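# Structural characterization, general
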Amino acid sequence: PAMEPEILQPSRLFLDLIGEDIRGRMYLTSDRAGEELCLRPDYTIPVCRAHLDGGAPETPARYSYCGKVFRQRQDGAGEFMQAGVECLGRADLEAADADTLALSLSALDTLGVTDPRIHIGDEALFRAVLGGLNLPAVWERRLGDLFGERDRLDAAIRAMRSGGAAERDDTSS
């Protein structure tokens with residue numbers, strides 16, 4: 001089913017799960033009782049929270065959403081559209097991820113997007129994709145360790161393509 005969480009959300013949901021570093025990107029206010037609220041900066045957390053609060057959190061469910069989110073950004077408007085799906089409670093995680101990716105690609109095709117760029121926000125899925133690329137072990141580890149660090153990941157991929165050696169970092173043994 002389609003899900004539309006409230007625009008005003010308790011900020012603690014985001015701060016507890018994402019960390020204090022998101023505070024500077026949120027639009028904050030407080031209610032009369034003093035609870036800190038924010039304009040919804042993302043759909044995933046409130047959609048998952050609604051599922052957990054729905055009385056049967058162990059029941060597999062799929063949700064879709066499309067609406068405005070609010071984040072202070074360096075470039076672009078602070079109010080923008082986010083669309084997505086959440087697939088919760090399936091035991092076959094890899095198949096669930098593959099189904100969600102296929103659904104996303106199908107939606108993009110329907111919308112006429114011919115050259116999509118895929119951004120994987122799930123580290124386990126990212127590492128599984130790397131594992132399926134038959135990369136040398138040093139590159140698979142190096143790229144996997146750079147998940148979430150886009151500039152460094154891009155630089156490492158460029159180095160790999162040009163035949164460079166994987167950089168040694170302080171966490172290497």
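Before reading on, note that the structure itself is shown above.
Quick notes on the rules
- Residues numbered from 1 in each chain as written.
- Predicted model: local features only at pLDDT ≥ 70, side-chain atom pairs only at ≥ 80, totals over all residues.
- Heavy atoms only, no water.
- Helix = DSSP H or I, 4+ residues; strand = E, 2+ residues; numbered from the N terminus.
- Buried < 20%, exposed > 50% of the residue type's maximum accessible area, 1.4 Å probe, protein only.
- Contact = heavy atoms within 4.5 Å.
- 1 Å grid on protein atoms, 1.4 Å probe; cavity = no way out; pocket = protein on both sides within 12 Å on 5 of 7 lines; lining within 4 Å.
- Points joined across faces, edges and corners; volume = space filled by probe spheres on them.
- Nonpolar A, V, L, I, M, F, W, Y, C, P; charged D, E, K, R; others polar.
- Polar contact = N/O pair within 3.5 Å; in protein donor to acceptor, adjacent residues only side chain to side chain.
- Disulfide = S-S within 2.5 Å.
- Pairing = 2+ DSSP bridges.
- Axes fitted to C-alpha atoms, helices over the stretch in contact; angles between N-to-C directions.

This brings us to the environment of T59. Note on placement: T59 falls in the loop between α2 (44-53) and β4 (61-70). Look at T59 and you get partly exposed, because its relative accessible area is 38%. Apart from residues lying up to four places away in sequence, T59 is in contact with H51 and L88.

Let us look at the layout of surface pockets. Here the largest pocket defines a volume of roughly 1800 Å³. If you go around the largest pocket, you meet 37 residues; those closest to its centre are V85, E86, T100, H119 and G121. Of all the secondary-structure elements, those providing two or more residues to the lining of the largest pocket are α2, β5 (79-88), α3 (93-110) and α4 (123-131). The element contributing the most residues to the lining of the largest pocket is α3, with 12 residues. Of the residues in the lining of the largest pocket, the class split is 22 nonpolar, eight polar and seven charged. Taken as a whole, the second largest pocket holds about 720 Å³ of empty space. Elements represented by at least two residues in the lining of the second largest pocket include exactly α4 and α6 (150-161).

Now for the side chain of S11. Checked against the element boundaries, S11 lands in helix α1 (residues 11-18). Among the polar contacts made by the side chain of S11, one reaches the side chain of E36 at a distance of 2.7 Å. Beyond its immediate sequence surroundings of up to four residues, S11 is in contact with M26, L28, E36, L37 and C38.

In this section: unusual backbone geometry. Positioned with a positive phi, N134 is a non-glycine residue whose angle comes to about 55°. Along the chain, N134 falls in the loop between α4 and α5 (137-145).

Time to look at the state of the cysteines. Taken as a whole, this structure holds zero disulfides when the rule is applied. In this structure C87 is a free cysteine whose sulfur lies 11 Å from that of C48, the closest cysteine sulfur available.

Let's shift gears to the sheet that holds strand β2 (residues 28-30). Within the open sheet, the three strands sit side by side as β1-β3-β2. Their pairing is antiparallel. Each of the sheet's edge strands pairs with one partner strand only, and the pair in question is β1 (8-10) and β2. This sheet shows a mean twist of 40° between the axes of neighbouring strands, independent of strand direction. Across three bridges, the pairing between β1 and strand β3 (residues 36-39) is antiparallel. Residue pairing across strands places Q9 opposite C38, the latter belonging to β3. Those strands touched by α1 are β1, β2 and β3, and its axis lies near 55° from that of β1.

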